[in-house]
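Architecture and fold: a report
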Protein chains: 2
Amino acid sequence: MAQKPGIPKGTRDFSPVEMAKRNYIFNTIKDVYALYGFQQIETPAMENLSTLMGKYGEEGDKLLFKILNSGDFMHGMTADEVASTSTLKLAAKFCEKGLRYDLTVPFARYVVQHREELALPFKRYQIQPVWRADRPQKGRYREFYQCDADVVGSESLLNEVELMQIVDTVFTRFGVRVCIKINNRKILTGIAEMIGQADKIVDITVAIDKLDKIGLDAVNAELAESGIPAEAIEKLQPIIKLSGTNAEKLQTMKEVLKDSEIGVKGVEETEFILSKLGALSADAQMLNNAIELDLTLARGLNYYTGAIFEVKALDVQIGSITGGGRYDNLTGIFGLPGLSGVGISFGADRIFDVLNQLDLYPKGAVNATQLLFVNFGEKEADYCLPLLAKVRAAGIAAEIYPDTVKMKKQMSYANAKQIPYVAIVGESELAEGKVNVKNMTTGEQMLVEAERILECIQ
Amino acid sequence: MAQKPGIPKGTRDFSPVEMAKRNYIFNTIKDVYALYGFQQIETPAMENLSTLMGKYGEEGDKLLFKILNSGDFMHGMTADEVASTSTLKLAAKFCEKGLRYDLTVPFARYVVQHREELALPFKRYQIQPVWRADRPQKGRYREFYQCDADVVGSESLLNEVELMQIVDTVFTRFGVRVCIKINNRKILTGIAEMIGQADKIVDITVAIDKLDKIGLDAVNAELAESGIPAEAIEKLQPIIKLSGTNAEKLQTMKEVLKDSEIGVKGVEETEFILSKLGALSADAQMLNNAIELDLTLARGLNYYTGAIFEVKALDVQIGSITGGGRYDNLTGIFGLPGLSGVGISFGADRIFDVLNQLDLYPKGAVNATQLLFVNFGEKEADYCLPLLAKVRAAGIAAEIYPDTVKMKKQMSYANAKQIPYVAIVGESELAEGKVNVKNMTTGEQMLVEAERILECIQ
């Protein structure tokens, strides 16, 4: 036999069982998004490269999958012209389109293109694959789904509050215990301002993050090593040692940042969000999961301008499973300035792993066909077909084995598909107008009148 | 303001209303597929070009979207080599991957690649976009969804029977009256054999198809013109004039094709399928829609080997909205011979148009948010938030307008999103612990105790 065909590295096929699990994840997220008034859109897989290029940094441009122009993509270039053009520029000549790299830039493009049709604030969600020419490795794929919800055209912090509620509701439905971490870019900017080290904010958060592991002295040493003066490190001490409830942390930060206008703004925003969520007392009243102010949270610093969120699973060792934040001027790059956005993105692949590890998929999510009719021959099949139609009319997924083959083969088909009930109609059942229904889990068999078949499986 | 950004020609954005309608279509099809024991899979958007090339004819190869290799796609070719190589060969050098062109070839690849995991017969469905570098025109896109179901690894005609039932169930659920047309490649081959004109079968079906429009004499003239000898045309007369019930047609065909082994086989197969569907009597007992033997149906002659299906809407002028058939040796191209397949494909874009024209979308499919809380300020919003949580906990999609802006703007937001109820809490409602719920359709307002809010909207 020829060599088995394969698929491009970093891509995946999804088998029926994986699909059922993934659909359970996507549908849960969709349902909650819709419950909060978000509406679904879809954008094309291919965008013009002019839409995508320059939006993800120089590294990102390299990771875009580019699509060769149809037909004569060389459009008459001479050998000399080819020789004198860089690979990057040739790619730009040969390709006008690329595969989308994320859902945010296409969303910004969508908002600008359709702005006359949109009722702002526009609450949209989008669940589609994205493509990145990254080096594939465990847990990193070249094609993967993103599940984003964003509100654009509203600066109200109630949007942040609702996004946290969405996160809480989704993970409550999954049965996964999480900690929702929240920070604010303005607080980080305030800290950097306060110590006069605007460019050192990442070093600072990375060092502070190690406090539990390496202790205060080592953290301070690391800060000094990264070039932060002793005086500034001194000022950072209350921030490094920050602890207690969210309310206590906010109180301390208010004090520490009192001279930084933007820092105070960040603290106030966080206070608003946490208070609406009832998360300033020890027990969050509106949430099932804990929400925690975490100053070391510093994701997306090159685009987030306000709140920053991240979600960690409590019972599985895995990176962030959801994240998001507020970004001012989402659509400015496409010529429509002044629209602020805030969004979240669920990490479907990691959530898939978490639910697998904790064995949290509801049984019905994976099982499909409930009943298989064994096929003993045309006469028996003729007897079964109306029964099968009746079972399906009751909304129960059912099949008849299409071929008349050995019973053993049919039963192993039922087992492979994890079909819980098998209906057996041989000569004697046919003669008596009965059906023999086997429960594949218990092995129990019930011989019933044909018209009572539904009772056996409901 | 800068020029509006756009998307590649032949691609589309789907707005919330379009998405809701499309989801209604996809979910209906999915539900029915699952009811019949089909399981969903997904394959990557990108396939190796070695998988795709040569599967769709020369024209198809040209219509494949090819993806430029990442990094140094020139891999050391000199400018002279580039200049002396044909565009087609260059494309092959620069690109290893392409976007899938349909769902059938990726499915065949999937079956071969995963054959050890599969319980045959494998009944899979797949709903994903495909891409073709076709010239865009009305109703023809470069990115569009296919909704395929196929059974592979079973030669039983019960599979054909079930696919017809699926078609019938889906369109019954949509409320669209259709005619399901059925033919068989073997009958067509038998006709060609009988008159000794194997290569003229398309000309013959095209000519016969015009009988109603141009009359018998003109059809015969056209057949003669396409080079079919008078004697053969004579033999074709009973086929051209074929009419009556399915049973009558089959009876005639049996007679006419009695000397062609393959032709008789085709008639018998059709007879089996129609008899199981109860479609040999005037009223189809197992179907809501009519099924009709139509010898002029000649789609997919280069791959179908047995039954051929096509579905026409009765109340809208539009081409075929669903089609399919049996193809032997689906996986032979990938080195796994001997597996027969049979499948159908719903044309989602055309079904979208049909449901639009007949106004058949159920109301709930398009409406999303049921209730909007107007936002008069922080105090009022604080009062509304727990009520909002209560409404959502009851499974009802609801929102609060995030910003405190003029009532008029908030009401026009509700109108734009077609939200049927608006909850208004001003100072007096707040003082009395009440909510004013406005029915946006009737204009009626109800002032109720806050805790009774659910009653107003259920």
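Residues numbered from 1 in each chain as written. Chains lettered and ligands numbered in written order. Predicted model: local features only at pLDDT ≥ 70, side-chain atom pairs only at ≥ 80, totals over all residues. Heavy atoms only, no water.

1. Focus: the interface of chain A and chain B
Contacts between chain A and chain B engage 98 residues on the former and 99 residues on the latter. The tally of links from chain A across to chain B stands at twelve salt bridges. Here Lys123 of chain A ties to Glu399 of chain B by a salt bridge, and the two come within 3.2 Å at their closest N and O atoms. For the interface between chain A and chain B, the tally reads 40 residue pairs in polar contact (both at pLDDT 80 or more). (Contact = heavy atoms within 4.5 Å. Salt bridge = Lys/Arg side-chain N within 4 Å of Asp/Glu carboxyl O. Polar contact = N/O pair within 3.5 Å; in protein donor to acceptor, adjacent residues only side chain to side chain.)

2. Considering the relation of the copies chain A and chain B
Least-squares fitting of chain A to chain B yields an RMSD of 0.2 Å, with the transformation described by 0.0 Å of translation along the axis and a rotation of 180 degrees. Here the symmetry operator amounts to a two-fold rotation axis. (Least-squares fit on C-alpha atoms with pLDDT ≥ 70 in both.)

3. Digging into helix H8 (residues 185-195) of chain B
Residue and element names in this part refer to chain B. Buried residues dominate H8, accounting for eight of its eleven residues. What H8 keeps buried is the set Lys186, Ile187, Leu188, Gly190, Ile191, Ala192, Met194 and Ile195. Where H8 is buried, its residues meet strand E7 (178-184), helix H9 (201-209), helix H11 (230-240), helix H12 (246-256) and helix H13 (261-276). At the N-terminal boundary of H8, the capping side chain belongs to Asn184, with an oxygen 2.8 Å from the backbone nitrogen of Lys186. In the stretch just after H8, Gly196 is the one whose phi turns positive, near 65 degrees. (Buried < 20%, exposed > 50% of the residue type's maximum accessible area, 1.4 Å probe, protein only. Helix = DSSP H or I, 4+ residues; strand = E, 2+ residues; numbered from the N terminus.)

4. Points about the packing of aromatic side chains
Summed over all chains, the structure comprises 35 aromatic pairs over all chains. Here Tyr110 of chain B and Phe122 of chain B contribute two aromatic rings whose centre-to-centre distance is 6.1 Å and whose plane-to-plane angle is 15 degrees, an arrangement assigned as stacked. Of this pair, Tyr110 of chain B sits in helix H6 (residues 104-113) while Phe122 of chain B is found in strand E5 (residues 122-131), placing the two residues twelve residues apart along the sequence. Grouped by ring-pair contacts, the aromatic residues Tyr24, Tyr33, Phe38, Tyr125, Phe171, Phe174, Phe346, Phe352 and Tyr361 of chain A constitute a single cluster. Stacked on the ring of Tyr101 of chain B, the Lys or Arg Arg132 of chain B has its end atom at 4.1 Å from the ring centre. (Phe/Tyr/Trp six-rings, centres within 6.5 Å; stacked < 30°, edge-to-face > 60°. Lys NZ or Arg CZ within 6 Å of the ring centre and 35° of its normal.)

5. Points about the pattern of salt bridges
Enumeration over the complete set of coordinates arrives at 51 salt bridges over all chains. Among the salt bridges present, the one from Glu269 of chain A reaches Lys265 of chain A, with a minimum N-O distance of 3.2 Å. Here Glu269 of chain A and its partner Lys265 of chain A are both found in helix H13 (residues 261-276), four residues apart, which amounts to about one turn of the helix. Its relative accessible area of 42% is what places Lys265 of chain A among the partly exposed residues. Several salt bridges converge on common partners, so that one network encompasses Lys123 and Glu162 of chain A together with Arg392, Glu399 and Lys417 of chain B.

6. Describing the sheet that holds strand E8 (residues 290-293) of chain A
All names here are of chain A. One open sheet accounts for eight strands, arranged E1-E5-E6-E11-E10-E9-E7-E8; its pairing is mixed. The sheet is open, and its two borders are formed by strand E1 (39-40) and E8, each paired with just one other strand. Across six bridges, strand E10 (residues 322-327) lies against strand E11 (residues 341-346) in antiparallel orientation. In the sheet register, Tyr327 faces E11, and the bridge partner there is Gly341. Against the sheet, H13 touches strand E7 (178-184), E8 and strand E9 (307-313), its axis set at about 150 degrees to E7. (Pairing = 2+ DSSP bridges. Axes fitted to C-alpha atoms, helices over the stretch in contact; angles between N-to-C directions.)

7. What to know about the sheet that holds strand E13 (residues 398-400) of chain B
Residues and elements named next belong to chain B. The five strands are arranged E13-E12-E14-E15-E16 in an open sheet whose pairing can be described as mixed. Single-partner strands in this sheet number two, and they are E13 and strand E16 (445-449). Across the sheet, the mean angle from the axis of one strand to that of its neighbour is 25 degrees, orientation sign disregarded. Here three bridges tie strand E12 (residues 371-373) to E13, and the two strands are oriented parallel to one another. When the bridges of E13 are listed, Phe373 appears paired with Ile400. Across the sheet, helix H17 (residues 407-416) lies against E12, E13, strand E14 (421-424) and strand E15 (434-439), angled at about 165 degrees from E12, the strand it touches most.

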